[in-house]
Amino acid sequence: MRIGIVSDVHSNLPALTAVLQAMGEVDALWSLGDIVGYGPYPNECIELLRERRCLAIPGNHDWGCAGKIALDDFNVDARWACRWSQDAVEPGNMEYLASLPLTLTTGDFTLAHGSPHEPIWEYMAYPSTARLSFHYFASRYCLVGHTHVPLVFLDAGAQAETLHPKPNSLVQLDETRAIINPGSVGQPRDGNPEAAYGLLDTDSWQVEFRRAAYDVAAIQVRMQDLGFPERLIKRLSYGW
Ligand SMILES: [Zn+2]
């Protein structure tokens with residue numbers, strides 16, 4: 001089976017469209033949370049993923065938008081974008097965001113936004129957090145987002161070994177348990193502005209860490225027109 005994995009779309013329709021096109025035909029599409037927040041196209045992104053029958057879990061921005069968590073823990077720009085999204089998201093799409101299951105397990109994979117331990121908020125950026133997380137899911141592999149940085153943590157017993165997959169490279173999975181982050185579609189933070197996504201092949205057990213170029217200037221113009229904070233507009237140019 002070929003499975004497309006998207007995470008942290010963040011209402012970036014040009015990036016999501018480019019990713020879905022570059023991905024080609026897949027047997028399934030999985031989303032690891034934060035469909036909305038930061039960007040100007042929340043309804044379009046939700047609807048596109050729903051049309052594709054995407055298997056999805058919520059992120060902190062989805063829950064913030066849907067009113068399921070307080071916005072006090074968000075930074076100033078994120079909070080602004082959350083409030084903007086609360087006004088923009090249509091009632092049916094809001095219900096969809098509110099109804100997503102916190103985590104999902106399908107076959108050998110658990111899907112959690114931040115970490116399997118604290119799915120909504122915990123950032124898994126370091127092996128120390130990853131090492132503890134291996135105790136909180138029962139499947140062989142776990143897919144996460146939230147940090148917006150492509151990474152793989154391998155369960156190496158007392159520690160977690162970290163892989164930093166290069167753009168458009170493959171990681172071969174084996175019996176070692178692993179936590180996999182495909183990076184962010186809509187707001188990459190690894191210094192590469194191209195949209196990041198994953199392509200999983202469950203016949204060869206390979207994960208491809210892919211990038212897709214998209215029209216960054218087009219979304220920036222849209223954000224400018226809508227009065228989005230300057231910092232949110234600029235960071236898309238740098239992938240940071
Ligand atoms: Zn995010």
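Everything below is about the structure shown above.
The structure presented is a predicted model; accordingly, all values stated were derived computationally and were not measured.

A. Up close: the overall build of the protein chain. Helices and strands together make up the secondary structure of the protein chain, namely eight helices and 12 strands. For 240 residues, the compact-globule formula gives about 18 Å, and the C-alpha radius of gyration of the protein chain, at 16 Å, lands near that figure. Along the three orthogonal principal directions, the C-alpha set of the protein chain runs to about 50 × 35 × 30 Å. Within the protein chain, contacts between residues separated by at least 24 positions form 73% of all contacts whose residues are at least 6 apart in sequence.

B. Main features of helix α4 (residues 76-88). Between its terminal C-alpha atoms α4 stretches 18 Å, which fits the 18 Å expected from 13 residues at 1.5 Å a residue. When α4 is considered as a whole, its buried residues turn out to be Asp-77, Ala-78, Ala-81, Cys-82, Trp-84 and Ser-85. Seen end-on, α4 carries its buried residues on one side only, within an arc spanning 165 degrees. The exposed set on the far side of α4, more than 90 degrees from its buried face, consists of Val-76 and Asp-87.

C. Structural context of the coordination of the zinc ion. Those protein atoms acting as donors to the zinc ion are Asp-8 (OD), His-10 (NE2), Asp-34 (OD) and His-148 (NE2), and they sit at 2.1 to 2.5 Å. Sequence spacing of the donors to the zinc ion: D-x1-H-x23-D-x113-H. Just as Asp-8 is buried, His-10 falls in that class too.

D. The pairing of strand β2 (residues 28-31), seen in detail. Side chains Ala-28 and Trp-30 of β2 all project onto a buried face; the interleaved residues Leu-29 and Ser-31 project onto the opposite face, where all are buried too. Pairing of strand β1 (residues 2-6) with β2 involves four bridges; the strand directions are parallel. By the bridge assignment, Val-6 is partnered in β2 with Ser-31. Since β1 and β2 lie parallel, the crossover through helix α1 (residues 13-23) that links them has a hand, and here it is right-handed.

E. Looking closely at the pairing of strand β10 (residues 178-181). Side chains of β10 alternate between two faces, with Ala-178 and Ile-180 and Ile-179 and Asn-181 buried alike. The pairing of strand β6 (residues 141-143) with β10 spans three bridges and is classified as parallel. Bridge assignment links Tyr-141 to a residue of β10, and that residue is Ala-178. Of the strand pairs in this sheet, strand β7 (residues 151-156) and β10 are connected by four bridges, and their pairing is antiparallel. In the sheet register, Leu-151 faces β10, and the bridge partner there is Asn-181.

F. Focus on the sheet that holds β1. On the basis of which strands lie adjacent, the open sheet formed by six strands has the order β3-β2-β1-β11-β12-β9 and mixed pairing. The sheet is open, and its two edges are formed by β3 (55-56) and β9 (169-172), each paired on a single side.

G. Focus on the side chain of Asn-93. Looking at the secondary structure, you find Asn-93 in helix α5 (residues 91-99). At a separation of 3.3 Å, a polar atom in the side chain of Asn-93 contacts the side chain of Arg-50. Those residues within four positions of Asn-93 in sequence are excluded, and the remaining contacts are Asn-43, Ile-46, Glu-47 and Arg-50.

H. Spotlight on empty space enclosed by the protein. Counted under the stated rule, the structure contains one cavity of 30 Å³ or more. Looking at the largest cavity, its volume works out to about 40 Å³. Every residue along the wall of the largest cavity is listed here: His-10, Asn-12, Tyr-38, Gly-39, Gly-186, Gln-187, Ile-219, Met-223, Leu-232 and Leu-236. Listed by contribution, the elements that provide at least two residues to the lining of the largest cavity are α7 (216-225) and α8 (230-238).

I. Structural context of the packing of α1 against helix α2 (residues 42-51). One way to put it is that α1 packs onto α2 with a least axis distance of 9 Å and a crossing angle of 25 degrees. With respect to their mutual orientation, α1 and α2 come out roughly parallel. Where α1 crosses over α2, the two elements pack in a sense that is left-handed. For the pair formed by α1 and α2, the contact residues are Leu-13, Leu-16, Thr-17 and Leu-20 on the first element and Glu-44, Cys-45, Leu-48 and Leu-49 on the second. Tallied by class, the residues present in the contact of α1 with α2 amount to six nonpolar, one polar and one charged.

J. Representation of the pattern of salt bridges. Applying the stated criterion across every chain yields a total of three salt bridges. Two residues, Arg-211 and Asp-190, come together in a salt bridge whose shortest N-O distance is 2.7 Å. Of this pair, Arg-211 sits in strand β12 (residues 206-212) while Asp-190 sits in the loop between β10 and β11 (195-201), and the two are 21 residues apart along the sequence. Relative accessible area serves as the criterion here: at 28%, Asp-190 is assigned to the partly exposed category. Among the salt bridges present, the one from Arg-210 reaches Glu-208, with a minimum N-O distance of 3.1 Å. A residue is classified by how much of its surface remains accessible, and Arg-210, at 17% relative accessible area, is buried. Given a relative accessible area of 23%, Glu-208 falls into the partly exposed group.

Reading the values: rules and limits
- Residues numbered from 1 in each chain as written.
- Predicted model: local features only at pLDDT ≥ 70, side-chain atom pairs only at ≥ 80, totals over all residues.
- Heavy atoms only, no water.
- Helix = DSSP H or I, 4+ residues; strand = E, 2+ residues; numbered from the N terminus.
- Rg over C-alpha atoms; globule rule 2.2 N^0.38 Å.
- Contact = heavy atoms within 4.5 Å.
- Expected span 1.5 Å × (residues − 1).
- Buried < 20%, exposed > 50% of the residue type's maximum accessible area, 1.4 Å probe, protein only.
- Arc of directions from axis to C-beta.
- Donors = N, O, S within 2.8 Å, 3.2 Å for Na, K, Ca; no water.
- Pairing = 2+ DSSP bridges.
- Right-handed = clockwise from strand over helix to strand, strands pointing away.
- Polar contact = N/O pair within 3.5 Å; in protein donor to acceptor, adjacent residues only side chain to side chain.
- 1 Å grid on protein atoms, 1.4 Å probe; cavity = no way out; pocket = protein on both sides within 12 Å on 5 of 7 lines; lining within 4 Å.
- Points joined across faces, edges and corners; volume = space filled by probe spheres on them.
- Axes fitted to C-alpha atoms, helices over the stretch in contact; angles between N-to-C directions.
- Parallel < 35°, antiparallel > 145°, perpendicular 65-115°, else oblique.
- Left-handed = near helix turned anticlockwise from the far one by under 90°.
- Nonpolar A, V, L, I, M, F, W, Y, C, P; charged D, E, K, R; others polar.
- Salt bridge = Lys/Arg side-chain N within 4 Å of Asp/Glu carboxyl O.

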